[in-house]
Amino acid sequence: FIWYFQRLVHMEEVLVGEEGGSIACDLHLRPYEISVRGHSYQTDYIVGVATHPAARGRGLAKELLRGSFHAAQREGRAFQILMPSAASFYLPRSAAPEKLALLGKRAARAKSISSADEWQELASVYDAYTGNRNGYALRDEASWRRHIEAALLEGYGALVYDGDGPCGYLFYTISDRKLAVSEMAFSSEAGRRG
């Protein structure tokens, strides 16, 4: 959280809802560029949606979200993206590592991702992975570096190779013998299974 607030938050991107003169809820609109069906769009992804416990249950955050949608519309943004802090809010995506081992196949070579300096290898996999998809985030060097730094602050990263070079990567956390994946991309079947 310290890294996030020091490196990524700009207060002009934070919306707040007030009740009785006090902040009751907030959200952060992170500017982002995405590609949808071959076209680039400036958008916001919504993070950090929070309501003070004493103000919950009154629809304040819902109204704040509506306000962000109206602001995006006024600014000509076609859509916004909601990014939950835990995927389990919407769909549980965790499994015990020993169960995942049955799905995988040992890669020709693998290594832990330890630095944002490895962004180009991940970018090559990501570009191949998103090449024929209709919606994905566009990332330049700076956004890759921030993305990797944030992922490694919360967990781990792994990069797998086949005979031609990097072919898959994974960002994940482990808690209570459960592996939760925050992002996975692959450029080949070997990368997916690895």
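Quick note: structure is the one above.
Residue indices begin from 1 for each chain and proceed along its sequence in written order. The predicted nature of this model means local features are confined to residues of pLDDT at least 70 and side-chain atom pairs, given and counted, to a pLDDT of 80 or more, with totals for whole chains, interfaces and linings taken over all residues. Heavy atoms throughout the structure, all of them, feed into the side-chain values; hydrogens and water do not.

### As for the overall build of the protein chain
The criterion, for reference: Segments assigned H or I by DSSP are reported as helices when at least four residues long, segments assigned E as strands when at least two residues long, and all are numbered from the N terminus. Contacts between residues were defined by any pair of non-hydrogen atoms, one from each residue, lying within 4.5 Å. Note on areas: these come from Shrake-Rupley sampling with a 1.4 Å probe, and a residue is covered only by the protein chains present in the view.
Secondary structure assignment for the protein chain yields six helices and ten strands. Partitioning the contacts of the protein chain with sequence separation of at least 6, the portion at a separation of at least 24 is 56%. Total accessible area on the protein chain stands at roughly 12500 Å², and carbon and sulfur atoms take up 53% of it.

### Some details on the packing of aromatic side chains
What counts here: Each pair of aromatic rings taken from Phe, Tyr and Trp, with Trp reduced to its six-membered ring, is defined by centres within 6.5 Å and is described as stacked if the planes are under 30 degrees apart, edge-to-face if over 60, and tilted in the remaining cases. Each residue is assigned to one of three classes by its accessible area relative to the maximum for its type, calculated with a 1.4 Å probe on protein chains only: buried under 20%, partly exposed between the two thresholds, exposed over 50%. Consider the ring centre and the ring normal. A charge sits over the ring if Lys NZ or Arg CZ is within 6 Å of that centre and within 35 degrees of that normal.
Applying the stated criterion across every chain yields a total of nine aromatic pairs. Each ring, one from Tyr4 and one from Phe5, has its centre 5.4 Å from the other, and the planes form 90°; the classification is edge-to-face. For Phe5, a relative accessible area of 52% puts it in the exposed group. A connected cluster of aromatic rings, assembled from ring pairs, spans Tyr126, Tyr136, Trp144, Tyr169 and Phe171. The ring centre of Tyr129 lies 3.9 Å from the NZ or CZ of Arg133, which sits over that ring. Taking the ring centre of Tyr126 as reference, the NZ or CZ of Arg139 above it sits at 4.4 Å.

### Some points on the environment of Glu183
Cut-off, in case you're wondering: Nitrogen and oxygen atoms within 3.5 Å of one another constitute a polar contact, given that in protein one can donate a hydrogen and the other can accept it, and given that sequence-neighbouring residues count only through two side-chain atoms.
Summarising the element assignment, Glu183 is placed in strand β10 (residues 178-186). Taking the C-alpha atoms as reference points, Glu183 and Ala151, 32 residues apart in sequence, are found 9.1 Å from one another. Setting aside anything within four residues of it in sequence, one finds Glu183 in contact with Tyr126, Arg139, His147, Tyr169, Leu170 and Phe171. A polar contact of 2.5 Å, which involves the side chain of Glu183, links it to the side chain of His147. A distance of 2.4 Å separates polar atoms of two side chains, one belonging to Glu183 and the other to Tyr169.

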